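Topology and contacts: notes
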Amino acid sequence: MSTDTNPAPPAPTRPPSVARSRGVRHLWRRLAADRWALGGASGVALFLVVAAAAPLLCAIAGQDPYTYDLGALSDSGAAKGFGGGISAQHWFGVEPMTGRDLFAIVVHGARTSILVGVGATAVSVLLGVVIGLTAGLYGGWYDRIVTRIIDVLLGFPFLVFVIALGAIVPTSVPKPLLLVVVLAIFSWPSIARVVRGQTLALKRRTFVVASVALGAGGWHLLVRQLLPNLTATIIVYATIMIPSMIGAEAALSFLGVGVPPPTPAWGRSIGEAIAWVQTDPMFLVFPGAALFLATLAFNLLGDGLRDAFDPKTRGLQR
């Protein structure tokens, strides 16, 4: 009886680029199977296109958000005609007291809200990821200081601070930029806390411990070991954070400390529409619907990404 002493050939290994490509395709298939996530992605894409093409859309409608049309108003300042002045000239009607085209205001307001929401999210995610990663990896006194700062900022009265800041900041400072900075300062602690906790768990994993034993430096651990394993968490968290930033900008504009007039903003339009809800409810409907649909689209996309990245939901369908 003869025995085969030749060892079996090693199983072929896939290059990392091929594995990543297959992982992306699998992620896309899972995301495409979720009709709610696809609806959210379509809504997000639509609002981004509207915001980018706002001047073109207003040119097609023959309107702009700054021109007054007092002829479209009655003696009381309310809009003439059906639905707050809806007509072939004013697709969404007009703004009371000024006669400005409401379609142009809503379309250009998308620019303001999405710019502030995405900008504040980008800055806060960048700060939170950098601070959370380094605090979780290095620990010690640096981690203790970061933790105390996070606790202070999470318990700070945000609204009081913003109102006070709006009263003392010079008018020469662009309000959208100020909103982005303020919202980012008060939002990075939440994602920093999440990233720090994930980093503390990851640095005890075998592949990180082995890298340290082989002499890997801090930069290698951050960029090559920890950050790739936190990408899914960061993407999902950022996607879910954007609608909360848009809502915060709208709330501040509603209170009068956000984007100043005559710059179009959904929140300020909603705030001004409260006084006219009895006589001109459409003035509230259109900016309110735009804000609702934008936040809903981002939330649906964020939920879909969370489910697609989460292996625990694999095989489950809504």
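The following paragraphs examine the structure supplied in this document. (Residues numbered from 1 in each chain as written. Predicted model: local features only at pLDDT ≥ 70, side-chain atom pairs only at ≥ 80, totals over all residues. Heavy atoms only, no water.)

Phi angles above zero are rare outside glycine, and methionine 97 is one such case at about 75°. Mapped onto the secondary structure, methionine 97 falls in the loop between α3 (54–61) and α4 (102–138). (Helix = DSSP H or I, 4+ residues; strand = E, 2+ residues; numbered from the N terminus.)

Our focus in this paragraph is the side chain of histidine 108. For histidine 108, the location among the structural elements is in helix α4. The contact partners of histidine 108, leaving out residues within four places of it in the chain, are Ala54, Pro55, Cys58, Pro65 and Pro264. (Contact = heavy atoms within 4.5 Å.)

This model, assessed by the stated rule, comprises nine aromatic pairs. Aromatic side chains tryptophan 91 and phenylalanine 103 sit 4.9 Å apart centroid to centroid with 55° between the ring planes, which places their arrangement in the tilted category. Of this pair, tryptophan 91 sits in the loop between α3 and α4 while phenylalanine 103 sits in helix α4; the two residues are twelve residues apart in sequence, bridging distant segments of the chain. For tryptophan 91, a relative accessible area of 38% corresponds to the partly exposed category. Between phenylalanine 92 and phenylalanine 286 the ring centres are 4.1 Å apart and the planes differ by 5°, which places this aromatic pair in the stacked class. Within this pair, whereas phenylalanine 92 is found in the loop between α3 and α4, its partner phenylalanine 286 is found in helix α11 (residues 282–309), the two being separated by 194 residues in sequence. Taken together, the ring pairs connect Trp91, Phe92, Phe103 and Phe286 into an aromatic cluster. (Phe/Tyr/Trp six-rings, centres within 6.5 Å; stacked < 30°, edge-to-face > 60°. Buried < 20%, exposed > 50% of the residue type's maximum accessible area, 1.4 Å probe, protein only.)

Before going further, it helps to spend a moment on the environment of phenylalanine 292. Summarising the element assignment, phenylalanine 292 is placed in helix α11. Relative accessible area serves as the criterion here: at 52%, phenylalanine 292 is assigned to the exposed category.

Another aspect to go through is the pattern of salt bridges. Here the structure, examined in full by the defined rule, presents five salt bridges. For glutamate 95, the salt bridge identified is with arginine 100, shortest N-O distance 2.9 Å. A relative accessible area of 3% means that glutamate 95 is categorised as buried. For arginine 100, a relative accessible area of 6% gives the class buried. Where arginine 148 meets aspartate 151, a salt bridge forms, and the shortest distance between an N and an O atom there is 3.1 Å. A residue pair is termed a helical-turn pair when its members lie 3 or 4 positions apart in one helix, as arginine 148 and aspartate 151 do in helix α5 (residues 140–154) at three residues. (Salt bridge = Lys/Arg side-chain N within 4 Å of Asp/Glu carboxyl O.)

Turning our attention to the packing of helix α6 (residues 158–168) against helix α7 (residues 175–202). Packing of α6 against α7 leaves a shortest axis separation of 12 Å and a crossing angle of 155°. With respect to each other, α6 and α7 are oriented roughly antiparallel. The hand of the α6/α7 crossing is right-handed. Of the residues in α7, those touching α6 at Phe158, Phe161, Val162 and Leu165 are Leu178, Val182, Leu183 and Phe186. Among the residues making up the contact of α6 with α7, the classes are represented as eight nonpolar, no polar and no charged. (Axes fitted to C-alpha atoms, helices over the stretch in contact; angles between N-to-C directions. Parallel < 35°, antiparallel > 145°, perpendicular 65-115°, else oblique. Left-handed = near helix turned anticlockwise from the far one by under 90°. Nonpolar A, V, L, I, M, F, W, Y, C, P; charged D, E, K, R; others polar.)

On to the side chain of aspartate 143. Assignment of secondary structure puts aspartate 143 in helix α5. Classification of aspartate 143 as buried rests on a relative accessible area of 10%. Looking at aspartate 143, its side chain comes within polar contact range of the side chain of arginine 196, at 2.6 Å. (Polar contact = N/O pair within 3.5 Å; in protein donor to acceptor, adjacent residues only side chain to side chain.)

As a further point, take α5. With 15 residues, α5 ought to run about 21 Å at 1.5 Å a step, and its terminal C-alpha atoms sit 21 Å apart, in line with that. Where α5 is concerned, the buried positions are Asp143, Val146, Thr147, Ile150 and Leu153. Down the axis of α5, the smallest arc covering the buried residues is 130°, so these residues share one side. With respect to the buried face of α5, the exposed residues turned more than 90 degrees away are Trp141, Arg144 and Val152. As for α5, its buried residues are in contact with α4 and α7. (Expected span 1.5 Å × (residues − 1). Arc of directions from axis to C-beta.)

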